[in-house]
Every structure is written in C-alpha cells, then in structure tokens.
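Analysis of the macromolecular model
Residue strings, one per chain:
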Amino acid sequence: MKMNRLDKSVLKLWYIRAFIGALVLIGILVSISVILISTGAESNVIAGVLLGVGIPVFLLLCLILILPALRYKMYAWGYDDKRIVVKQGVIFRQRVVIPVCQIQDLHRTQGPIMMMLKLSGVTISTAGSNFDISTLTTEEADRLIDDLERNLEARVEELKDEEI
C-alpha cells in the first residue's frame with residue numbers, strides 16, 4: 001500500500017488555525033493588562049501578573065507555531081481495497097487501520113477557510129467509532145470516498161453471492 005503525504009495547502013490551513021489561536025492568547029494577555037492598568041494596580045503587581053501569565057503564553061505561542069510543521073511531517077495515509085491506514089502524531093504516535101468492510105458511513109466536511117484552500121476533511125464511521133482523515137484536497141477526498149464506496153459495493157455483492 002502506498003502511503004500518501006498531505007498537500008502543502010494543509011500546512012497553510014494549520015498555520016492559519018495556529019495564528020487564530022495565537023491571536024486569542026495575545027488578546028487574553030492584552031485584556032489582563034488593560035484590566036490591571038485601569039483598576040490602578042501597583043506596577044510591581046502588574047509586572048508580576050504579566051510575567052506569570054506572559055511566560056506561559058509565550059511558550060504556548062512557540063508551541064503553536066512549531067506544532068503544525070511537526071504534525072504535517074508525521075502525517076501519512078493510504079488505502080487499498082481492504083483497509084485504510086493513517087499514521088499520525090508528534091509526541092504520541094498513532095497508527096490506525098480501518099477495515100473497509102466495517103465502514104458504515106463516509107462524510108466529507110469543509111469549513112470556510114478549507115473551502116478557500118480547496119481542502120476537505122473525511123470522516124469514516126464504523127460500528128465502533130468515527131475517525132477523521134485530517135485534511136485532504138477536495139479532489140483527494142472525493143476520490144477516496146468514491147473508491148471506498150466502490151469497494152463497499154463490491155464487498156456487499158461478494159457477501160450476497162456467498163449467501164446463495
């Protein structure tokens with residue numbers, strides 16, 4: 001089975017999401033600063049609070065900016081007529097194998113930013129759980145769903161023939 005890498009536009013999407021998260025963290029830090037200054041807190045209290053909050057925020061910002069590239073590098077996926085395999089994870093590596101015969105539903109999802117970048121997510125539902133193949137190009141997602149649908153139809157026909 002050939003393992004596929006994600007398209008470069010996925011990395012762009014993950015950085016956009018990281019940037020939005022970074023803006024939220026910076027907004028919280030600025031809000032705390034404004035509240036402390038407007039209430040007339042002493043300068044040493046303001047400095048202590050900003051350092052106590054600012055250092056973790058700074059570390060989180062660094063992590064937010066590094067994580068998408070690491071996640072992108074570690075992500076691989078592939079499928080054949082019998083199974084789907086997804087390898088992912090930066091700190092905790094995960095390898096998921098989904099037998100095609102256990103698939104019940106296939107869903108393609110897109111948010112506004114994903115639509116602009118022509119990306120889609122694919123959710124695979126089995127009897128036991130749901131699994132997301134993170135983000136694919138819309139063309140790859142449609143091809144995956146079409147191929148899996150054909151495989152499922154062929155499998156159903158095989159099962160019908162076995163019963164006769």
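Here is what the cut-offs are and how they apply
- Residues numbered from 1 in each chain as written.
- Predicted model: local features only at pLDDT ≥ 70, side-chain atom pairs only at ≥ 80, totals over all residues.
- Heavy atoms only, no water.
- Helix = DSSP H or I, 4+ residues; strand = E, 2+ residues; numbered from the N terminus.
- Rg over C-alpha atoms; globule rule 2.2 N^0.38 Å.
- Buried < 20%, exposed > 50% of the residue type's maximum accessible area, 1.4 Å probe, protein only.
- Areas by Shrake-Rupley, 256 points an atom, 1.4 Å probe, with all protein chains shown as cover.
- Lys, Arg positive; Asp, Glu negative; His and termini not counted.
- Charge placed at Lys NZ, Arg CZ, Asp CG, Glu CD.
- Axes fitted to C-alpha atoms, helices over the stretch in contact; angles between N-to-C directions.
- Parallel < 35°, antiparallel > 145°, perpendicular 65-115°, else oblique.
- Nonpolar A, V, L, I, M, F, W, Y, C, P; charged D, E, K, R; others polar.
- Pairing = 2+ DSSP bridges.
- Salt bridge = Lys/Arg side-chain N within 4 Å of Asp/Glu carboxyl O.
- Contact = heavy atoms within 4.5 Å.

**Some words on the overall build of the protein chain**
- Along its length, the protein chain carries 4 helices and 6 strands.
- Ordered by position in the sequence, the α and β elements of the protein chain form the string α-α-β-β-β-β-α-β-β-α.
- The C-alpha radius of gyration of the protein chain comes to 22 Å, more than 25% above the 15 Å expected for a compact globule of 164 residues.
- Projected onto the principal axes, the alpha-carbon positions of the protein chain cover approximately 85 × 30 × 25 Å.
- Scored against the burial criterion, the 164 residues of the protein chain give a buried share of 33%.
- Per element, the accessible surface of the protein chain, about 10500 Å² overall, is 62% carbon and sulfur.
- Once the 18 positive and 18 negative side-chain charges of the protein chain are each reduced to a mean point, those two points are 11 Å apart.

**What about the packing of helix α1 (residues 8-38) against helix α2 (residues 43-74)?**
- Interaxial distance between α1 and α2 falls to 9 Å at its minimum, and their mutual angle equals 175 degrees. On the basis of the axis angle, α1 is roughly antiparallel to α2.
- Tallied by class, residues from the contact of α1 with α2 come to 23 nonpolar, 3 polar and 2 charged.

**Some words on the sheet that holds strand β2 (residues 83-88)**
- Spatial ordering of the open sheet is given by β1-β2-β3, a layout of 3 strands whose pairing is antiparallel. Unpaired on one side and paired on the other, β1 (76-79) and β3 (94-99) mark the two borders of the sheet. Across the sheet, the mean angle separating the axes of adjacent strands is 10 degrees when strand polarity is ignored.
- Judged from the 6 bridges that link them, β2 and β3 form a sheet pairing that is antiparallel. Across the sheet, residue Q88 finds its bridge partner in β3, namely Q94.

**Brief notes about the pattern of salt bridges**
- Under the criterion given, the structure shown has 3 salt bridges.
- We note a salt bridge from R108 to D142, for which the minimum N-O separation is 3.1 Å. In this pair, R108 is assigned in strand β4 (residues 103-109) and D142 in helix α4 (residues 138-163), connecting sequence segments 34 residues apart.
- Under the relative-accessibility criterion, R108 is labelled partly exposed at 37%.
- The residue E139 makes a salt bridge to R143 at a minimum N-O spacing of 3.3 Å. Note that E139 and R143 are positioned in helix α4 at a spacing of 4 residues, about one turn of the helix.
- Relative accessible area serves as the criterion here: at 60%, E139 is assigned to the exposed category.

**Focus: the environment of T123**
- Tracing the sequence through the fold places T123 in strand β5 (residues 119-126).
- Residue classification places T123 among the buried residues on the basis of a relative accessible area of 15%.
- Taking the C-alpha atoms as reference points, T123 and I66, 57 residues apart in sequence, are found 26 Å from one another.
- For T123, the contacting residues outside a window of four places in its chain are D105, L106, H107, N130, F131 and D132.

**Comments concerning the sheet that holds β5**
- Strand order in the open sheet formed by 3 strands is β4-β5-β6, with antiparallel pairing between adjacent strands. Every interior strand has two partners, whereas the edge strands, β4 and β6 (130-137), have only one. Between one strand axis and the next, the sheet turns through 20 degrees on average, direction left out of account.
- Of the strand pairs in this sheet, β4 and β5 are connected by 6 bridges, and their pairing is antiparallel.

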